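A closer look at the structure
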Amino acid sequence: MKENTVYHFVGIKGTGMSALALILKDLGYEVQGSDIDKYTFTQRGLEQAGIKIMPFDEENIHEGLTIIKGNAFDDDQVEIKKANDMHLPVVTYPQMVGKLVSEYTSIGIAGSHGKTSTTGLLAHTLSGIAKTSYLIGDGTGKGVKDAKFFVFEADEYRRHFLDYSPDYLIITNIDFDHPDYFFGGINDVVDAFESESRKTKKGIFIWGEDKHAKSIKADVPIYYYGLDESDDIRATNINRTVKGSSFDVTIKGENIGNFEIPLYGEHNVLNSLAVIGVGHMEHLDHALINKELQTFSGVKRRFSEKKVADMVIIDDYAHHPQEIKATIDAARQKYPDREVVAVFQPHTYTRTLALMDDFAKSLDLADEVYLTSIFGSIREKHGDITSKDLGDKIHKGGQVLKLEDMSPLLDYHNAVIIFMGAGDVQKYETAYEQVLSNLNPNQQ
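This text gives an overview of the structure that appears in the document. (Residues numbered from 1 in each chain as written. Predicted model: local features only at pLDDT ≥ 70, side-chain atom pairs only at ≥ 80, totals over all residues. Heavy atoms only, no water.)

Bringing the overall build of the protein chain into the picture now. The helix and strand inventory of the protein chain stands at 14 helices and 21 strands. For the protein chain, the C-alpha radius of gyration of 22 Å lies close to 22 Å, the compact-globule estimate for 444 residues. In terms of principal-axis extent, the alpha carbons of the protein chain reach across some 60 × 60 × 45 Å. Here the protein chain holds 444 residues, and the buried ones make up 57% of them. Considering only contacts within the protein chain whose residues lie at least 6 apart along the sequence, 65% involve residues at least 24 apart. A total accessible area of about 18700 Å² is found for the protein chain, and carbon and sulfur atoms account for 47% of it. In the protein chain, which carries 47 positive and 67 negative side-chain charges, the distance between the mean positions of the two groups comes to 2 Å. (Helix = DSSP H or I, 4+ residues; strand = E, 2+ residues; numbered from the N terminus. Rg over C-alpha atoms; globule rule 2.2 N^0.38 Å. Buried < 20%, exposed > 50% of the residue type's maximum accessible area, 1.4 Å probe, protein only. Contact = heavy atoms within 4.5 Å. Areas by Shrake-Rupley, 256 points an atom, 1.4 Å probe, with all protein chains shown as cover. Lys, Arg positive; Asp, Glu negative; His and termini not counted. Charge placed at Lys NZ, Arg CZ, Asp CG, Glu CD.)

See below:
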């Protein structure tokens, strides 16, 4: 890490990039960045930290900068092109993270789903016990100069996580996603995870019921966690209520106690097992781990709730069939007596086409389903599929909503509406909340 430079982030509002910028700022480095003008949910944290955000412009680039390039940008982006022309140091986001975490006992959290929630839970738990730096994929980051641990999210897309050599690696699951990159199908995805596993130094924690993850081979001990008798780290006597979940934990057959989490859905029990496993292998007090687990309030855009009039409105990042299934399961646990309505924004055309039947099956776990138009990406702005094609496969509705007309949702009362997606589905949520509030001005 260089002291006499300004770190300039190209794409600073990205979730990982904004978290990394906050970490470097905390560690005493000078940080600035550029991005689109549109407001994003990561922006507030950057502003509060006093980090300068500028519109993209080649004039932002000058001597004395070290460029950190966001994953969404190629060398023909105007700022990166100028930086290369000036022979300024240009470092990718994964390269910078890899360099940073190498100075600590690092724990990378990988997986097709659940990375951000597990990273947030582990960061919160370890922070309450020892000094911990962390980078969470919801835009949250904290740097502690003399930290013992560094907890960070490790993304498999384009094999970015191969820039990391963590001490420990958690693999929450392995599923087929990112069909725009993993052309070899699920075997290509498994190969990426196995390559990262072989770069891990101390130990790996894998969800034992995931057949793809369980096929991973590595040169360090692998600890399987889950609900099965064969798992090394196992939850038994699970009690799921409207207040959360509690369960006993055994490690290698030894009962280490009862743990409680204020979280919903079976996936959060599994995430907690991974956290408990890391703490156990680092010889942390089990009672302290349990205490910290009980005070976790969640991460941004993961089952984030609010109440408007008589409705519970949940915002969630779920954009894959398995994530949709987990989110609806969590809603059923917390609100067992309410109707659950899903509003889903499909994310990218290739994913929607590749996983069409699985999306329909998962969404049908709700009582009623609505869709929005497909949200593309920088690399994929159009495709040969529409949300109506997905809607035709859904049995529990499937109507495509228009932003200017959210009235179909006004037919529901005392229900739970989940807005799900990785794009800008929140604008539909805001439009609905506004209509609902206007109808119920005294019930907000």
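Still more to cover.
Our focus in this paragraph is the nonpolar core. In terms of nonpolar packing, the biggest core is built from 47 residues, with Phe9, Leu20, Leu24 and Leu135 touching the most fellow members. Contributing elements (two or more residues each) for this core: β1 (6-10), α1 (15-26), α4 (93-101), β9 (149-153), β10 (168-171), α6 (186-197), β11 (203-207) and β12 (222-226). Here this core gets seven residues from one element, more than from any other, and that element is α1. Look past the residues within four positions of Phe9 in its chain and what remains in contact with it is Met17, Leu20, Ala21, Leu24, Val31, Gln32, Gly33, Ser34 and Ile68. Counting residues in each nonpolar core, the second largest holds 38 residues, with Ala130, Ile170, Ile233 and Leu263 among its members. (Core = buried A, V, L, I, M, F, W, Y, C linked by side-chain atoms within 4.5 Å.)

A few words now on the packing of aromatic side chains. Tallied over the entire structure, the rule returns 14 aromatic pairs. With a centroid separation of 5.4 Å and an interplanar angle of 55°, the aromatic rings of Tyr104 and Phe150 are classed as tilted. One end of the pair, Tyr104, is in the loop between α4 and β6 (105-110); the other, Phe150, is in strand β9, with 46 residues separating them in the sequence. With relative accessibility at 10%, the residue Tyr104 sits in the buried group. Linked through ring pairs, Tyr104, Phe150, Phe152 and Tyr164 together constitute an aromatic cluster. In this structure, Lys214 packs its charged tip against the face of Tyr224, placed 5.0 Å from the ring centre. (Phe/Tyr/Trp six-rings, centres within 6.5 Å; stacked < 30°, edge-to-face > 60°. Lys NZ or Arg CZ within 6 Å of the ring centre and 35° of its normal.)

Attention now goes to the packing of helix α8 (residues 266-281) against helix α9 (residues 286-293). As a packed pair, α8 and α9 sit with axes 10 Å apart at the nearest point and diverge in direction by 150°. What the angle tells us is that α8 and α9 run roughly antiparallel. When you trace α8 past α9, the crossing you get is right-handed. Contacts between α8 and α9 involve Val275, Ile276, Gly279 and His280 from the first element and His286, Ile289 and Leu293 from the second. The residue makeup of the contact of α8 with α9, split by class, is four nonpolar, three polar and no charged. (Axes fitted to C-alpha atoms, helices over the stretch in contact; angles between N-to-C directions. Parallel < 35°, antiparallel > 145°, perpendicular 65-115°, else oblique. Left-handed = near helix turned anticlockwise from the far one by under 90°. Nonpolar A, V, L, I, M, F, W, Y, C, P; charged D, E, K, R; others polar.)

Here the focus is the packing of helix α5 (residues 115-127) against α8. Two numbers describe how α5 lies on α8: the axes approach to 9 Å, and their chain directions differ by 40°. Judged by the inter-axis angle, α5 sits oblique to α8. Handedness of the crossing formed by α5 with α8: right-handed. Side by side, α5 and α8 meet where Ser117, Thr118, Leu121, Leu122 and Thr125 of the first sit next to Asn271, Ser272, Val275 and Val278 of the second.

Now for α6. If you check α6, its first and last C-alpha atoms are 16 Å apart, about what twelve residues at 1.5 Å a residue would give, namely 16 Å. Along α6, the residues classified as buried are Asp188, Val189, Val190, Ala192, Phe193, Glu196 and Ser197. Those residues of α6 that are buried lie in contact with β6, β10, β11 and α7 (211-214). (Expected span 1.5 Å × (residues − 1).)

In this fold, Glu292 is placed in helix α9. The contact partners of Glu292, leaving out residues within four places of it in the chain, are His124, Thr125, Gly128 and Ile129.

By the bridge criterion, two bridges tie β12 to strand β13 (residues 233-241) in an arrangement that is parallel. Each residue of the ladder has a partner; that of Gly226, found in β13, is Arg234. Bridge count for β13 against strand β14 (residues 244-251) is seven bridges, and the pairing is antiparallel. Of the residues in β14, the one forming a bridge with Asn239 is Ser246. Counted between consecutive antiparallel strands, the loop separating β13 from β14 contains two residues. (Pairing = 2+ DSSP bridges.)

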